[in-house]
Amino acid sequence: MAKPIKNLPVLPIERAIRTISGRWKAVILYHLFDGPKRLSELTRLIPSISQKVLVQQLRELEAYGLVGREVFRQVPPRVDYSATALGLSLEPVMLALCDWGQRHAEALDEADRLADCIVRPVNTTIRPEA
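Below you will find a few notes about this structure. Residue positions are counted from 1 within each chain, in the order its sequence is given. With the structure being a predicted model, the display of local features is reserved for residues of pLDDT at least 70 and the display and counting of side-chain atom pairs for 80 or more, all residues being used for whole-chain, interface and lining totals. With hydrogens and water set aside, each side-chain value is computed from the structure's full complement of heavy atoms.

### Focus: the pattern of salt bridges
Filter applied, for reference: By definition, a salt bridge exists where a carboxyl oxygen of Asp or Glu is found within 4 Å of a side-chain nitrogen of Lys or Arg. Exposure is judged per residue with a 1.4 Å probe applied to protein chains only, and the accessible area is read against the type maximum: over 50% gives exposed, under 20% gives buried, and values in between give partly exposed. In this description a helix means any DSSP run of H or I spanning at least four residues, a strand means any run of E spanning at least two, and both kinds are numbered starting from the N terminus.
Overall, the coordinates contain five salt bridges when judged by the stated rule. Its salt-bridge partner being Asp80, residue Arg78 comes within 2.9 Å of it at the nearest N-O pair. Arg78 gets classed as partly exposed once you look at its relative accessible area, which sits at 23%. When the shortest N-O distance is used, the salt bridge between Asp99 and Arg103 registers 3.2 Å. Taken together, the positions of Asp99 and Arg103, both in helix α6 (residues 91-107) and four residues apart, correspond to about one turn of that helix. Among the residues examined, Asp99 registers a relative accessible area of 43% and is labelled partly exposed.

### Concerning the side chain of Asp80
Basically, it comes down to this: By the criterion applied in these results, polar contacts are pairs of N or O atoms within 3.5 Å in which, for protein atoms, one can donate a hydrogen and the other can accept it, and in which residues neighboring in sequence qualify only through two side-chain atoms. Any pair of residues with heavy atoms lying within 4.5 Å of one another is described as a contacting pair.
Inspection of the secondary structure puts Asp80 in strand β3 (residues 78-83). Within polar-contact distance, the side chain of Asp80 engages the side chain of Arg78 at 2.9 Å. Once you skip the residues sitting within four places of it in the chain, Asp80 turns out to touch Pro36, Lys37, Arg38, Gly68, Arg69, Glu70 and Phe72.

Here it is, written out as structure tokens:
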């Protein structure tokens, strides 16, 4: 197994927070929950992040096992980034954080300033109505 870029804490809650902490990691994962994305797609989805920082954050997420990187041998070269199974396991946590953020904004009368936070759980099945 690859050694993480930074040593992670031994306390599980601290480890979890450190793994997804920072301004961009949770946002990047959020966008990868929909499926694989190229670097250019992520740049378009997160316009306020520089390409340098985006690549840096993707590398850290990859080192932590949350993001996979697939290189396609073609001209021009193509690289897709996707959430791994471990990364996708954070979806319920992200959904809970989105819900909490909404409630927090409402409590502070700032709900009108929020964007939609849509996390699509992977483990749901759509059942046809009878």
